[in-house]
Amino acid sequence: MTSSAPGTSPASLDLLGIGNAIVDVLARAEDGFLAAQGMAKGGMALIDTASAERIYAAMGPGIEGSGGSGANTCAVAAALGARVGFLGKVAADELGRVFAHDIRAAGVRFPTAPLEGGAPTARCLILVTPDGQRTMNTFLGACVTFGPDDVDEAEVASAAVTYLEGYLFDPPAAQAAFYKAAKAAHAAGRKVALTLSDPFCVGRHRAAFRAFVQDEADILFANEAELLSLYETEDFDAAVAQVRTEVALAAITRSEKGSLVVAGGESWPVGAVPTQVVDTTGAGDAYAAGFLAALARGKPMAECGRWGSVAAAEAISHFGARPQADLKSLVAA
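This write-up is about the structure you can find in this document. (Residues numbered from 1 in each chain as written. Predicted model: local features only at pLDDT ≥ 70, side-chain atom pairs only at ≥ 80, totals over all residues. Heavy atoms only, no water.)

## Observations regarding the overall build of the protein chain
In step 1: Each helix and strand counted, the protein chain has 13 helices and 14 strands in total.
In step 2: Taking 2.2 N^0.38 as the reference for a compact globule, 333 residues should give roughly 20 Å; the C-alpha atoms of the protein chain span a radius of gyration of 18 Å, in line with that estimate.
In step 3: Principal-axis analysis of the C-alpha atoms places the extent of the protein chain at approximately 55 × 45 × 40 Å.
In step 4: By the burial criterion, 56% of the 333 residues in the protein chain qualify as buried. (Helix = DSSP H or I, 4+ residues; strand = E, 2+ residues; numbered from the N terminus. Rg over C-alpha atoms; globule rule 2.2 N^0.38 Å. Buried < 20%, exposed > 50% of the residue type's maximum accessible area, 1.4 Å probe, protein only.)

As structure tokens, then:
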């Protein structure tokens, strides 16, 4: 993909992410802990303040750092050399300062003003079981205040691709923000990418997702479960046939089966990169980052998928969602 459509000015950013600005708290846990807390293993649940405090108190020792699905994608893309920005809402509190420092230190432009005097910065309590599965409990806090006024249309117009995080569909004002961002991107001759984020999230907002995919998305990222949920089918081939008719480009991840990239009538199966699974947090985020970083450089579709697989394998080989190895050297290998 070129950085801009014919007749438009060159993009100053390869990628602008819009998503939940969340501080991640990761800790190891046994399956019994999840059962005792009433958690659905491998899923993401939205929790209130009281639940956040209760679960946090019961968790074992953890590590904290800036997170959120879209922000993770932005950080990984920046590590691969892409020019990246991110829009998301934090509060003017300690965790908000942690998030802002972390994402800027990762090389990501972060211009969104913090929320003053409202809900605290969001946090995601992530329990990682011995099999590497992550179960997430998210307190959205200040994230739910992200709305159309937080969409900087000049930032959107400056980015070749605006990448929208499906988790942000939960707060009502955010859907309006997505449409504002998509309209601004298309008016500037840019592309809009959407990640479905989570099958439970798709189930909560299926009609809204279907409409947005059909009307606004140019590029769709989903894992197999999310795609099946979107089209309410158990037939993977049927879901792929459907998505071909609705978006110009889709990349569907399938865990150890690798991924499938589709555009029009063409398909590019991509193998998974073998690795030791330590923690699956951020695998899909990293895949999207690798794919989009390669796309920004005009790489062929199969190579975009390979960059995604390499980035995803690195993400799941250690605790936490942010890269710990030199991704540029890994994709070059």
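## A closer look at helix H11 (residues 283-296)
In step 1: An ideal rise of 1.5 Å per residue puts 20 Å on 14 residues; H11 measures up with 20 Å between its terminal C-alpha atoms.
In step 2: Most of H11 sits out of view: 11 of its 14 residues are buried.
In step 3: Residues of H11 that are buried: Asp-285, Ala-286, Tyr-287, Ala-288, Ala-289, Gly-290, Phe-291, Leu-292, Ala-293, Ala-294 and Leu-295.
In step 4: One or two positions beyond H11, positive phi appears at Gly-298, with a value near 75 degrees. (Expected span 1.5 Å × (residues − 1).)

## Description of the pairing of strand S8 (residues 134-139)
In step 1: The buried fraction of S8 amounts to 6 of the 6 residues, a majority that puts the element mostly inside the structure.
In step 2: A two-sided burial pattern is seen for S8, the buried positions comprising Arg-134, Met-136 and Thr-138 on one face and Thr-135, Asn-137 and Phe-139 on the other.
In step 3: The pairing of strand S3 (residues 44-46) with S8 spans 3 bridges and is parallel. Among the inter-strand pairings, Leu-46 is bridged to a residue of S8, identified as Thr-138.
In step 4: The pairing of strand S7 (residues 122-128) with S8 spans 6 bridges and is classified as antiparallel. Across the sheet, residue Val-128 finds its bridge partner in S8, namely Arg-134. (Pairing = 2+ DSSP bridges.)

## Points about the packing of helix H6 (residues 172-187) against helix H8 (residues 206-215)
When two helices pack together, their arrangement is given by the angle between the helix axes and the distance between those axes.
In step 1: Following both chains from N to C, one finds H6 and H8 inclined at 5 degrees, their axes separated by 12 Å at the closest point. In terms of their interaxial angle, H6 and H8 are classed as roughly parallel. In this structure, H6 uses Gln-175, Phe-178, Tyr-179 and Ala-182 to contact H8, whose residues at the interface are Ala-208, Ala-211 and Phe-212.
In step 2: Across the contact of H6 with H8, the residue classes tally to 6 nonpolar, 1 polar and no charged. (Axes fitted to C-alpha atoms, helices over the stretch in contact; angles between N-to-C directions. Parallel < 35°, antiparallel > 145°, perpendicular 65-115°, else oblique. Contact = heavy atoms within 4.5 Å. Nonpolar A, V, L, I, M, F, W, Y, C, P; charged D, E, K, R; others polar.)

## Description of the nonpolar core
In step 1: Counting 54 residues, the largest nonpolar core has Leu-194, Leu-220 and Leu-227 as its most contacted members.
In step 2: Per-element accounting of this core gives the leading share, 7 residues, to H6.
In step 3: Formed by 45 residues, the second largest nonpolar core is a distinct cluster that contains Ile-103, Phe-291, Trp-307 and Ala-311. (Core = buried A, V, L, I, M, F, W, Y, C linked by side-chain atoms within 4.5 Å.)

## Some points on the pattern of salt bridges
Between side chains of opposite charge, a pair can form as their charged atoms come close.
In step 1: Applying the stated criterion to the full structure yields 11 salt bridges.
In step 2: Of the charged contacts in the structure, one is a salt bridge between Arg-97 and Glu-94, with a shortest N-O distance of 3.6 Å. You can see Arg-97 and its partner Glu-94 sitting in helix H4 (residues 94-105), 3 residues apart, about one turn around the helix. For the pair formed by Arg-97 and Glu-94, the shared burial category is exposed.
In step 3: Residue Glu-224 pairs with Arg-254 through a salt bridge whose shortest N-O separation is 3.1 Å. Of this pair, Glu-224 sits in helix H9 (residues 224-230) while Arg-254 is found in the loop between strand S12 (249-253) and strand S13 (259-263), placing the two residues 30 residues apart along the sequence. (Salt bridge = Lys/Arg side-chain N within 4 Å of Asp/Glu carboxyl O.)

Remember that the coordinates give geometry; whether it matters functionally is a separate question.
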